[in-house]
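Next come the chains, spelled out residue by residue.
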Amino acid sequence: MDSSGTPTTQGYTIEQVIQLATDALFGLSDSPKLDAELLLCHVLECERSYLYTWPEKILGNDQVLAFRELLQKRQQGHPIAHLIGEREFWGLPLKVTPDTLIPRPDTEVLIETALTLLPAGQNANLRILDLGTGTGAIALALKSERPNAQVCAVDFSKAALEVAKTNSELLNLPIQNLHSSWFQALPAGEYFDLIASNPPYIEQEDEHLSQGDVRFEPISALTSGKDGLEDIRLIAKQAIDYLLPAGWLILEHGYNQGEAVREILAENGYQTIETRQDYGQNDRITFGQKSTT
């Protein structure tokens, strides 16, 4: 073990490496042992069950060196998802890069809600649009649940679209990828049953931008004006022209923005407006419906 608490390269077992790394991450991570296990699994190319099955297995020098490098980056605050290049969302293993937001568990509430709004069963005519797709998390999760739907994933970042395309191919979930600033590049006459988005919604001066994982994520995918609502206003205003009658717009937003987003949807003519909470009981998802007339 060196002065930082990270393992050196001299005959460490899996169990010892995990304990040393857990100690080294204590106070720097909300889940130091889990972080240590995920990093070691990445190095060993194994499942976590392997670590518990073979705790006394001695690691090779190259393995320890590779692990130590990742551990040091984690100590500096680099997100686990970036270090291992993957994050699970809705049961789907998604490739992640610094060009995209890291999918969060609370965004699964958007998927749960969208599925209650979309017709169930085999509906070949169902059309879904995901604005600001990033890794493709929302688009691919919905495609996995409505396999016959036509799903279009939009992002202004070409690099992010490449990540979404890769995830689509790896998961064998075909979706359309479109380079566009929100609706700008959508062909005329495109209409959707549901438009979903997890847009930027953090205030430009929010102190949290200098904390945690968001320090390493693209700022353009995080902030949206002084109050964090500029993109939501634009999406709400334009989306209604791309929705079929009785179609739905569903948006993720900040924990303190539920009332404001409901007002924005109402001002733009949406009906049946409702806000849902995330797993921490914070307002997180608001949706509204286009009228049938």
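Owing to the predicted nature of the structure, the values given are computational and were not obtained by experimental measurement. (Residues numbered from 1 in each chain as written. Predicted model: local features only at pLDDT ≥ 70, side-chain atom pairs only at ≥ 80, totals over all residues. Heavy atoms only, no water.)

**Remarks on the pattern of salt bridges**
We apply this condition: What counts as a salt bridge is simple: a side-chain nitrogen of Lys or Arg found within 4 Å of a carboxyl oxygen of Asp or Glu. Throughout, exposure labels follow a simple rule: accessible area from a 1.4 Å probe, protein chains only, divided by the maximum for the residue type, with under 20% read as buried, over 50% as exposed, and the rest as partly exposed. Each helix is a run of H or I in the DSSP string that is no shorter than four residues. Each strand is a run of E no shorter than two, and both are numbered from the N terminus.
Using the criterion set out here, one finds 7 salt bridges in the structure. Residue Lys-95 pairs with Glu-86 through a salt bridge whose shortest N-O separation is 3.9 Å. Owing to a relative accessible area of 37%, Lys-95 belongs among the partly exposed residues under this scheme. A salt bridge links Arg-127 to Glu-190, with the nearest nitrogen and oxygen atoms 2.2 Å apart. One end of the pair, Arg-127, is in strand β3 (residues 127-131); the other, Glu-190, is in the loop between β5 (176-179) and β6 (192-197), and 63 residues separate them in sequence. Assessed through its relative accessible area of 21%, Glu-190 is described here as partly exposed.

**Structural notes on helix α4 (residues 61-75)**
Let me state the cut-off plainly: What a helix should span is 1.5 Å times the count of its residues minus one.
Look at α4: 21 Å from first C-alpha to last across 15 residues, which is about the 21 Å you get at 1.5 Å a residue. Positive phi appears at Gly-77, one or two residues downstream of α4, with a value of about 105°.

**Section: the sheet that holds strand β8 (residues 271-277)**
The criterion, for reference: For two strands to count as paired, DSSP must find a minimum of two bridges between them. Structural elements are reduced to axes, namely lines fitted to C-alpha atoms, with helices fitted over the stretch in contact, and the angle between N-to-C directions of any two is expressed from 0 to 180 degrees.
Within the open sheet, the 7 strands sit side by side as β5-β4-β3-β6-β7-β9-β8. Their pairing is mixed. In this open sheet, the two edge strands, each paired with only one partner strand, are β5 and β8. Along the sheet, successive strands turn relative to each other by an average axial angle of 15°, direction set aside. Strand direction decides the pairing type here: strand β7 (residues 243-252) and strand β9 (residues 283-289), joined by 5 bridges, are antiparallel. Among the inter-strand pairings, Glu-252 is bridged to a residue of β9, identified as Ile-285.

**Brief notes about the side chain of Thr-22**
What counts here: In protein, a polar contact means a hydrogen-donor-capable atom and an acceptor-capable atom, both N or O and within 3.5 Å, with residues adjacent in sequence counting only if both atoms are side-chain atoms; elsewhere, any N or O pair within 3.5 Å suffices.
Note that Thr-22 resides in helix α1 (residues 14-25). A distance of 2.7 Å separates the side chain of Thr-22 from the backbone oxygen of Ile-18, its partner in a polar contact.

**Things to note about unusual backbone geometry**
A positive phi angle, near 70°, is found at Ala-246, a position not held by glycine. By relative accessible area, Ala-246 is classed as partly exposed at 27%.

**Things to note about the nonpolar core**
Put simply, the rule is: Nonpolar cores are built from buried Ala, Val, Leu, Ile, Met, Phe, Trp, Tyr and Cys residues. Side-chain atoms within 4.5 Å join them into one set. Between two residues, a contact is recorded if the distance between any of their heavy atoms is within 4.5 Å.
Ranked by size, the top nonpolar core spans 29 residues in total, and within it Leu-110, Ile-111, Ile-128, Leu-142, Leu-194 and Ile-250 carry the most contacts. Mapped onto this core, the elements with two or more residues apiece are β2 (92-95), α6 (108-117), α7 (137-145), β4 (150-155), β6, β7 and β9. With residues up to four places along the chain from it excluded, the contact list for Leu-194 reads Ala-114, Leu-117, Leu-118, Arg-127, Ile-128, Leu-129, Leu-142, Leu-243, Trp-248 and Ile-250. One finds Leu-129, Val-154, Leu-186 and Phe-192 within the second-largest nonpolar core, a separate group that totals 24 residues.

**Considering the pairing of β6**
Of all 6 residues that make up β6, 5 are buried, and the element is covered over most of its length. Pairing between β3 and β6: 4 bridges, direction parallel. The residue bridging Leu-129 from the neighbouring strand is Ile-195, located in β6. Inspection of the sheet shows β6 paired to β7 by 5 bridges, in the parallel sense. Counterpart to Ala-196 in the pairing with β7 is Ile-250.

**Section: the packing of aromatic side chains**
We count it as follows: Working definition: a ring pair exists when centres of Phe, Tyr or Trp rings (six-membered ring for Trp) sit within 6.5 Å. Plane angles under 30 degrees give stacked, over 60 give edge-to-face, the rest tilted.
One pass over the full model with this rule turns up 2 aromatic pairs. Look at Trp-248 and Phe-287: their rings are 5.7 Å apart centre to centre, the planes differ by 65°, and that puts the pair in the edge-to-face class. Within this pair, whereas Trp-248 is found in strand β7, its partner Phe-287 is found in strand β9, the two being separated by 39 residues in sequence. The pair Trp-248 / Phe-287 is uniform in exposure class, with both members buried.

**Quick word on the packing of helix α2 (residues 32-44) against α4**
The description of two packed helices rests on the angle between their axes and on the distance between the axes. Just so we agree on the cut-off: Every angle not falling under 35 degrees, over 145, or within 65 to 115 is termed oblique; those three ranges are roughly parallel, roughly antiparallel and roughly perpendicular. Helix crossings get a hand from a simple test, with the near helix turned counterclockwise from the far one by less than a right angle marking a left-handed crossing and a clockwise turn marking a right-handed one. Side-chain classes are defined by residue name, with Ala, Val, Leu, Ile, Met, Phe, Trp, Tyr, Cys and Pro counting as nonpolar, Asp, Glu, Lys and Arg as charged, and the others, Gly among them, as polar.
Two elements in contact, α2 and α4, have axes whose closest approach is 9 Å; the angle formed by their N-to-C orientations is 140°. With respect to each other, α2 and α4 are oriented oblique. Here α2 runs over α4; the crossing is right-handed. Of the residues in α4, those touching α2 at Asp-35, Ala-36, Leu-39, Leu-40, His-42, Val-43 and Leu-44 are Gln-63, Ala-66, Phe-67, Leu-70, Leu-71 and Arg-74. For the contact of α2 with α4, a count of residues per class yields 9 nonpolar, 2 polar and 2 charged.

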